[in-house]
Amino acid sequence: MLDIEVTPNEFTMVFFDAAVIAEVAADVAVKVGLPEDLKLSLIVDEGSPLGRSRVSSYDPIEFTIDGGAFEDTRRPRNLSKARTADVLGRLMYRVIDRSSGQFDDAPEDGDIDLALHAAWDAHSVGRLERLGFSPQRKRRVYQFRNRHGFTDRADQAFEELWGSSELSWADIERLSTGCRA
Amino acid sequence: MTDRDRGTCMAESKRPREPFAPWDRRELPGLFDVEETARRIGHYKWMETKLFEALGGWVATVPELDVKLRLGTHCYHHAFHAELFHKRLPELREMKPERLTVPPNEELVAFVNAMTEPEASGQTIEKLVGVYRVLLPATIAAYTYHRNGTSRITDMPTIRILEMALKDEYEDWCDGEMLIQSMIETPEEVDRAAAHQAKLQKLLLAAGGIAGPGSIGDPYVDVVED
Amino acid sequence: MRKIFPAEELARDSRFIRQSNEARFSDPRGARVGGGSAASTKLTPEQANGPDRARALMHGIFVGEIQALEGAGRTCFDFEVGEDVPFELKLDMARQCWDEARHCEISVALADHMGTELGEYAENTTLYEAACNPDPVLRLTGVNRALEGLAIDVFSTMKEFGNLAGDPVLEFCEDWMLADEVTHVKMGSDWLRSLTAKDPERRSKALEFQRVVDKLFSFSGFRGDDEDSPIKLTRQFRSLAGFTDDEVDDIADLAREAKAEAATA
């Protein structure tokens, strides 16, 4: 049984429900294949309307997320389950990838450049789409193009990242550096 | 001794040509004198102004995004026509264009009021029908009659304006008709469109057209009884 | 059809969700929402969330263009020629309708390019509310000078963003819209001067309304004249549009004032 802790457990600035966030997290964790005995901490900065999110610790597993990342952009201050699932799924794939043995040569998250982050995200979110989530593909294409150039070569690299199931860090690095403008 | 020596130097003579080339069949007389032309143009300007005002006003009231954007574009088309007519009037000896920028009669005012009456967000069909199934066809008819009937020699500036306006009117008519067809999805909506069209058509009939009686001429023949 | 169409009744399809001013200004996340300290870094592709911020801004531009179109359309209808406004002013408003309709079309195409869905973000109707003023001079000053002036600043920023990102589509589109906005602001400047040439009190009232709108739409200093302003005041294009240096300085001061107020709130 997954142990998911959401901080704060009561929100005062936004209309989030910690139990709902935990429920979404559990659902995503099962679908992406995180181990069932995992303990996961979610630290939500409810005072921030920005959309930043990161894995703040891989052991123990902890995600730090700006409240804006979970927010329903049509109804500010309200939770969007779809966006929450998108953010958490992407971060969960980071955890899965780093524990797969194929990412042992990947630098720490803080030392990865924006282009590589975008490439890794494309690979993660493509996998989420195949699990039935709605990850806004065109948005990811745009982010990828901003980091790699508005070129056919970049678009082809994106397709490969998005469509592949199990790439290694070396694959991601190759595809990203190989298409940069 | 050359012509030069004789002091009778002339440019080399060319064979004379007719001022109207053989394919130029334009004739002088037209149906309308200056005053009548100015009267009609004033009515056209009034009508185009009312139309662009209505289209502009309706933009905020229609929820359909494609209709909203089309109304904005068409609003400008009719304002452009109104401006062309406005500039033509002083050329027809009317130095105060506002004097002739009037409806031909109160019946046309009643028509415009009825056409612009629908406001609710659920009345897009009525708004479009009033313009694209009643007013624009009448405008096209009046402009076509005028263009075909006025002198192609003395009144070419009016013809040019009418041709520019007609190009827009035809395209906008097509745009609007397609929007109407795409919006009507049930028999009830067919009835709504038809009812509103009939109501407005009768008001326009009472007005005699956008320039009043004679907007499109009179095709009937007076037969003398024995 | 009524004259003066209220903002609450602006017609929208089901994709669009409205956020009231009340909800917006009562957000306890305060200055950080309006673009204060946390979000006050300049909008560039080099930021981690740069592309997403650009997407959100582009959607804001899109709904702003819809409201600008609606506002210009209402100005065509709400006033009588001769009594309230000159005929030529209405012609300018009709022209603006066409321009704003094109901007909506461009924005829709850009939304697709950037991966944004129509209605993805809540809509606030403050722009249209400025266009509801019953005095046509105040309406033109509030909308054409203040809000279209903001549009000049925003489009310049977006154009630069597109340039830095190597995005030829974004840069191309923003530049075309920017050209139109200079025309609209100039319309506002020209009509303000000509309609109030003999009415200094009306002119003063109009400029005061413009200041209110300018301050509100500086978004707590998000738009300003400082190097780190996310949206930078574009002096060059404002000058083309009829703003004097003093007027632009005034707008810059208003932005600093708004930023300071937000910081202490």
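All values derive from a computational prediction rather than experimental measurement.

(A) Quick peek at the overall build of chain A. Helix and strand counts for chain A stand at seven helices and four strands. Overall, chain A shows an N-to-C arrangement of helices and strands of β-α-β-β-β-α-α-α-α-α-α. Taking the principal axes of the C-alpha coordinates as reference, chain A spans close to 45 × 35 × 30 Å. Put simply, chain A has 181 residues, and 55% of those count as buried. A sequence separation of at least 24 residues applies to 60% of the contacts in chain A between residues at least 6 apart. Carbon and sulfur atoms make up 47% of the accessible area of chain A, which amounts to about 8100 Å² in all. Counting 23 positive and 32 negative side-chain charges, chain A places the centres of these two groups 8 Å from one another.

(B) Highlighting the overall build of chain C. Regarding its fold elements, chain C presents 10 helices and two strands. Sequence-ordered secondary structure for chain C, helices as α and strands as β, is α-α-α-α-α-α-α-α-β-β-α-α. Against the 2.2 N^0.38 benchmark of 18 Å for 265 residues, chain C shows a C-alpha radius of gyration of 18 Å, consistent with a compact globule. For chain C, the spread of C-alpha atoms along the three principal axes comes to 55 × 40 × 35 Å. Across the 265 residues that make up chain C, the buried fraction comes to 58%. Summed over its atoms, the accessible surface of chain C is roughly 10200 Å², and 56% of this surface lies on carbon and sulfur atoms. A gap of 2 Å separates the mean positions of the 32 positive and 50 negative side-chain charges of chain C.

(C) Spatial organisation of unusual backbone geometry. All names here are of chain A. Thr7 connects to Pro8 through a cis peptide bond whose omega is 0°. Within the element layout of this structure, Pro8 appears in the loop between β1 (3-7) and α1 (18-32). You will see that Arg77, though not glycine, has its phi angle at about 80°, which is positive. Summarising the element assignment, Arg77 is placed in the loop between α2 (67-70) and α3 (81-98). Assessed through its relative accessible area of 13%, Arg77 is described here as buried.

(D) View of the interface of chain B and chain C. With 30 residues of chain B at the interface, the matching set in chain C holds 33 residues. The largest per-residue losses of area from chain B upon contact with chain C belong to Leu69, Tyr76 and Glu119 of chain B, which jointly make up 24% of the total buried on that side. Applying the counting rule to chain B against chain C returns four salt bridges. Here chain B is connected to chain C by eight residue pairs in polar contact (both at pLDDT 80 or more). Mapped onto the side of chain B that touches chain C, the elements with two or more residues apiece are α2 (34-58) and α3 (65-88) of chain B. Looking at the side of chain B that touches chain C element by element, the count peaks at 12 residues for α3 of chain B. Residues that form the side of chain B that touches chain C fall into these classes: 13 nonpolar, nine polar and eight charged.

(E) Region of interest: the interface of chain A and chain C. Facing the 24 residues of chain A at the interface are 36 residues of chain C. Carbon and sulfur atoms make up 51% of the surface buried where chain A meets chain C, a total of about 2600 Å² over both sides. On the chain A side of the interface with chain C, the three residues burying the most area are Arg74, Tyr142 and Phe150 of chain A, jointly 27% of the side's total. Note that Glu71 of chain A and Arg29 of chain C form a salt bridge whose closest N and O atoms lie 2.6 Å from each other. Here chain A and chain C share 11 residue pairs in polar contact (both at pLDDT 80 or more) between them.

(F) Region of interest: the sheet that holds strand β3 (residues 53-58) of chain A. Residues and elements named next belong to chain A. Taken in spatial order, the four strands line up as β1-β2-β4-β3 in an open sheet, and their pairing is mixed. At either margin of the open sheet sits one strand with a lone partner, and together these are β1 and β3. The mean angle between the axes of side-by-side strands here comes to 20°, regardless of whether they run parallel or antiparallel. Looking at chain direction, strand β2 (residues 39-45) and strand β4 (residues 61-66) are connected through six bridges and run parallel. Residue pairing across strands places Leu42 opposite Phe63, the latter belonging to β4. Seen against the sheet, α3 touches β2, β3 and β4 and runs at an angle of roughly 35° to β3.

(G) Just the pairing of β1 of chain A, in detail. All names here are of chain A. Burial of the side chains of β1 is restricted to one face: Ile4 and Val6 are buried, whereas none of Asp3, Glu5 and Thr7 on the reverse face is. Examined bridge by bridge, β1 and β2 share five bridges and lie parallel to one another. Of the residues in β2, the one forming a bridge with Asp3 is Lys39.

(H) How the structure looks around the pairing of β4 of chain A. All names here are of chain A. Relative to β4, β3 runs antiparallel, the two being bridged by five bridges. Across the sheet, residue Ser53 finds its bridge partner in β4, namely Ile65. Where β3 hands over to β4, the hairpin turn is made up of two residues, counted between the paired strands.

Definitions and cut-offs
Residues numbered from 1 in each chain as written. Chains lettered and ligands numbered in written order. Predicted model: local features only at pLDDT ≥ 70, side-chain atom pairs only at ≥ 80, totals over all residues. Heavy atoms only, no water. Helix = DSSP H or I, 4+ residues; strand = E, 2+ residues; numbered from the N terminus. Buried < 20%, exposed > 50% of the residue type's maximum accessible area, 1.4 Å probe, protein only. Contact = heavy atoms within 4.5 Å. Areas by Shrake-Rupley, 256 points an atom, 1.4 Å probe, with all protein chains shown as cover. Lys, Arg positive; Asp, Glu negative; His and termini not counted. Charge placed at Lys NZ, Arg CZ, Asp CG, Glu CD. Rg over C-alpha atoms; globule rule 2.2 N^0.38 Å. Buried area = accessible area lost by both parts, 1.4 Å probe. Salt bridge = Lys/Arg side-chain N within 4 Å of Asp/Glu carboxyl O. Polar contact = N/O pair within 3.5 Å; in protein donor to acceptor, adjacent residues only side chain to side chain. Nonpolar A, V, L, I, M, F, W, Y, C, P; charged D, E, K, R; others polar. Pairing = 2+ DSSP bridges. Axes fitted to C-alpha atoms, helices over the stretch in contact; angles between N-to-C directions.

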